[in-house]
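Structure at a glance
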Amino acid sequence: MNHLVLLFSLFLAQAFADKESQKKTQNFSSNNASHKRLKRDWIWNQMHIKEEIDTQLPHHVGKITSNVRNQYAKYIIEGEYANTIFKVEEKSGDVYAFERLDREKKAEYELTALVIDSRNNQSLEPPSKFIIKVYDINDNVPVFVQKVFNGSVPEMSPVGTSVTKVTAVDADDPTVTGHATVTYQVIKGDEYFTVDDSGVISTTRADLDRENQSTYEIIVRAKDAPGSFGESSTATVIISLTDINDNFPVFKHPSFHFKVPENISVGGEVGKVKVEDIDEPQHRNTKYSFVRGDYRDTFEIVANPFTNEGIIRPKKPLDFEKVAEYRFDIEATDPTVDLRYFKSGGPRSISTVTIEVTDVDEPPVFTKLPYEFKVKENDPEQSLGSVWAYDPDAAKRKIRFLRRRASPNGDYIRVSDSGILQIPKPLDREFSSSYNITVAAREILEDGRLSDLESHAQVHVIVIDVNDNAPELVYPEEPRVCENAAPGKVIVRISATDKDEVSSRGFFSYYLATEDSNFSLIENHDNTANITVKYGQFNRELAKIHYLPVIISDNGEPVLSSTNTLVISVCKCNEKGNFTFCEERAKQVGVSIQALVAIFICIFTIIVFFAVITLLILLRKRHKKDLSALGRNVAEIHEQLVTYDEEGGGEMDTTSYDVSVLNSVRKNGIKPEAVPSPYAQVQKPPGNITSGAGEMEMMIEVKKDEADNDRDLLPYDTLHIYGYEGAESIAESLSSLESGSSDSDIDYDFLNDWGPRFKMLAELYGSEPNEDFIY
């Protein structure tokens, strides 16, 4: 039927075109006489052609004509598809298609028609554009834009809930009725879902449960308008049910049993209770609570947001000696479950929990934390108090206390083994107003050793202030006054400081030590005072600097005061009262007492050191000169006293030792009084031994026996004996020290005759007895 309508339209168009051509021809003939120039115009049929024509090529499209009367006229076409798809017969103007056309690829073609003179290719008429339209036939099947569609819908949604939308496209002309109309139909899964003509898929049941089936795969078919028998296409739609919170948690076990040591920390993990919630994790909001055996004050159950487990934690310390076992029931529920959809079986799940507490060796427990004591400063040694701890275990062992740390560091507070706190010396608040120590408590084991476990307590000692420091003047910067200052002129404002705490009774008191001065003091009642001019008119000729003693007292108990000297310079001033000249003060450099003591000790040590060195040098020189006075050198004396590889002659041998070499050359000498020698003295042999060679012999034998019998000494081949002086010697004393300290009035001038080597000795013994030697 449609084909007939199309052919009829083409026929009417052709007839209308012929009629118009005849009218134009008549008008041209009638007006030929009155117009010299002819009007030319294009004449052709409107061009249409069906797609996919199955007859033999080429296919006639239409005809282009012109009213040009020229036997050499020639028709040509130009454009994108001219002379390829479309060609024109040069003489008749018939246009032909040399390919089968597809409207879905291109629906119309725009070309340009020209008529030219074949002799010179000159255009006989202006070019004219025309369009060739391709008529559609229903030759395309609806095609889905994608092979697989995805959609989702919450589980338990009501009937008619939209899930997703599918789309199929028909390439035919939508302006032709029925050619591009697409209808949809669910051919698989229609018991759960349906689809409307617009492609929207919706639910057909309200009991879709994700926990039973979470994914559905349906097939949708698309075809042309109803009634047509064309081909169709299909697409797969995967629909996922999204989870809603419609299930309560359920305990995996009817009971749970845990063991935990009594020293578990508060907040530590006792154990975990597990539940099963078939909803997805984002909808698992389990809450745990106690049902029977209420221990809310001892334990808490906290849900792990990631695993949904219930973690049991102690809220306070456990004590095996008090409670060894806990038993209670807990409930798991989810307050966010949508009660409209929850499954049968009830919203409650209950399980029994048993917690067994095991005994452990615990450290001592202090009865009070922290400890605080107060003590007055400067109080003598006393006991502050005591700390106390006990063994919480059944053994009830004894406790020993130890001091661990102290602030400030030092032996200011001691802790006895029994926990008594003592101060070994008075505390000074000005050094530190408080003292902190850490006391450790450890159990004494059965074998007397100390346990490795210990607990600590902080002890805070506050030192109460005692008024033991007088206030001190805060010295201002060089007080000065004009020599012509008027009475009442303020010279300087003074203030004071006190190392003690500020008294609650009031301010410092200031007054002058003497009123006999040209200065006065006025208190400001704010812990300061003004020094003012009393009479005026200072005389610089009499005094350029005044020393003003100021007494400052506090209001503590007892009242303490100090006298401070204020140095005031009298200066020359101009008429405006500005200082023009002041004497330069000697800068005072303060040195602390500790520094002075240290300097004095260093100086004293250096003096003593040099004195000892000088004394030793002098004694050595005297000793050498005394030996020289004997007329023999030291080697000769040693030769008489010591022999090598020689056996002595016994007690009766008196010829082996010549004691005459010990005789003094002094004439008319008098035995001086025995004065202790600074040199070490060798103890003389006991008994009454005759002086002379026998005494010396006996002394040597005694020394030899001592050397032989002393097993701690190394063996000697040679025995040297020094510093021995025999009693009753005919040479009397050989010690220059004893001679110098005796009351002898012997004249030692003969030493000057012995030569230069005895010059020093002559000078020493030639001086007056009471003359002081300066080394």
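Residues numbered from 1 in each chain as written. Predicted model: local features only at pLDDT ≥ 70, side-chain atom pairs only at ≥ 80, totals over all residues. Heavy atoms only, no water.

**As for the packing of aromatic side chains**
What characterises a pair of aromatic rings is the spacing of the ring centres plus the angle enclosed by the ring planes. Across all of its chains, the model carries 22 aromatic pairs by this definition. Seen from their ring centres, Phe 600 and Phe 604 are 6.5 Å apart, and the 20° between their planes marks the pair as stacked. Of this pair, Phe 600 and Phe 604 both sit in helix 2 (residues 593–628), four residues apart, which is roughly one turn of the helix. In this pair, the class of Phe 600 matches that of Phe 604, namely exposed. Taking the centre distance of 5.7 Å and the plane angle of 75° together, the rings of Phe 609 and Phe 610 count as edge-to-face. (Phe/Tyr/Trp six-rings, centres within 6.5 Å; stacked < 30°, edge-to-face > 60°. Helix = DSSP H or I, 4+ residues; strand = E, 2+ residues; numbered from the N terminus. Buried < 20%, exposed > 50% of the residue type's maximum accessible area, 1.4 Å probe, protein only.)

**Some words on the confidence of the model for the chain**
Residue-level pLDDT values for the chain average 76, and 74% of them are 70 or greater. The low-confidence segment residues 631–644 (pLDDT under 50) makes 15 contacts with residues lying over four places distant or belonging to another chain. Every residue in residues 656–692 is under pLDDT 50, and counting partners more than four places away or in other chains gives 59 contacts. (pLDDT = per-residue confidence, 0-100. Contact = heavy atoms within 4.5 Å.)

**Description of the sheet that holds strand 20 (residues 271–273)**
As summarised here, the arrangement of the three strands in space is 20-24-23, forming an open sheet in which the pairing is antiparallel. In the strand order of this sheet, the two ends are held by strand 20 and strand 23 (299–303), each with one partner. Strand after strand, the sheet turns through a mean of 30° between neighbouring axes, direction not considered. Two strands pair when backbone bridges link them, and strand 23 and strand 24 (residues 310–314) are joined in this way by five bridges, in the antiparallel orientation. Within strand 24, the residue paired with Ile 301 across the bridge is Ile 312. (Pairing = 2+ DSSP bridges. Axes fitted to C-alpha atoms, helices over the stretch in contact; angles between N-to-C directions.)

**Topic: the pattern of salt bridges**
Going through the model one piece at a time under the given rule, you end up with 22 salt bridges. Salt-bridge contacts for Glu 309 lead to Lys 272; the nearest nitrogen and oxygen are separated by 3.9 Å. In this pair, Glu 309 is assigned in the loop between strand 23 and strand 24 and Lys 272 in strand 20, connecting sequence segments 37 residues apart. Residue class for Glu 309 comes out buried when judged on its relative accessible area of 13%. What makes Lys 272 partly exposed here is its relative accessible area of 34%. Between Lys 534 and Glu 515 there is a salt bridge, with its nearest N and O atoms 3.8 Å apart. One end of the pair, Lys 534, is in the loop between strand 41 (528–533) and strand 42 (545–553); the other, Glu 515, is in the loop between strand 39 (509–512) and strand 40 (519–523), with 19 residues separating them in the sequence. Glu 515 gets classed as exposed once you look at its relative accessible area, which sits at 55%. Taken together, the shared-partner salt bridges connect Arg 210, Glu 211, Asp 243 and Glu 280 into one network. (Salt bridge = Lys/Arg side-chain N within 4 Å of Asp/Glu carboxyl O.)

**Considering unusual backbone geometry**
Following Leu 369, the chain continues to Pro 370 via a peptide bond in cis, the omega torsion being -15°. By the secondary structure assignment, Pro 370 is in the loop between strand 27 (365–366) and strand 28 (371–376). The amide bond that connects Ser 407 to the next residue, Pro 408, takes the cis arrangement and shows omega of 0°. Mapped onto the elements, Pro 408 comes out in the loop between strand 31 (399–407) and strand 32 (414–415).

**Points about the nonpolar core**
Ile 494, Ile 531 and Leu 566 are the most contacted members of the largest nonpolar core, which has 24 residues in total. If you list the elements that add at least two residues to this core, you get strand 37 (480–482), strand 38 (490–497), strand 39, strand 40, strand 41, strand 42 and strand 43 (561–573). Every residue in contact with Leu 566, bar those within four places of it in the chain, is listed here: Leu 473, Pro 476, Pro 479, Val 492, Ile 494, Ile 531, His 546, Tyr 547, Leu 548 and Val 550. (Core = buried A, V, L, I, M, F, W, Y, C linked by side-chain atoms within 4.5 Å.)

**Notes on the state of the cysteines**
Tallying each qualifying case throughout the model produces two disulfides. Here Cys 482 pairs with Cys 573 through a disulfide, and the sulfurs are 1.9 Å apart. Looking down the S-S bond of the Cys 482 and Cys 573 bridge, the torsion is -90°, so its handedness is left-handed. Taken together, the positions of Cys 482 in strand 37 and Cys 573 in strand 43 put the pair 91 residues apart, joining distant regions of the chain. For the pair Cys 482 and Cys 573, one class covers both residues: buried. Two residues share a disulfide in this structure: Cys 571 and Cys 582, whose sulfurs sit 1.7 Å from each other. The sign of the S-S torsion, about 125°, decides the handedness of the disulfide formed by Cys 571 and Cys 582: right-handed. (Disulfide = S-S within 2.5 Å.)

**A short note on the sheet that holds strand 33 (residues 420–423)**
In any sheet, the strands associate via hydrogen bonds between backbone groups, in a parallel or an antiparallel arrangement. Spatially, the three strands line up as an open sheet ordered 29-33-32, and their pairing is antiparallel. Two strands lie at the open edges of the sheet, namely strand 29 (382–386) and strand 32, each paired on one side alone. The pairing of strand 29 with strand 33 spans four bridges and is antiparallel. Among the inter-strand pairings, Ser 383 is bridged to a residue of strand 33, identified as Gln 422.

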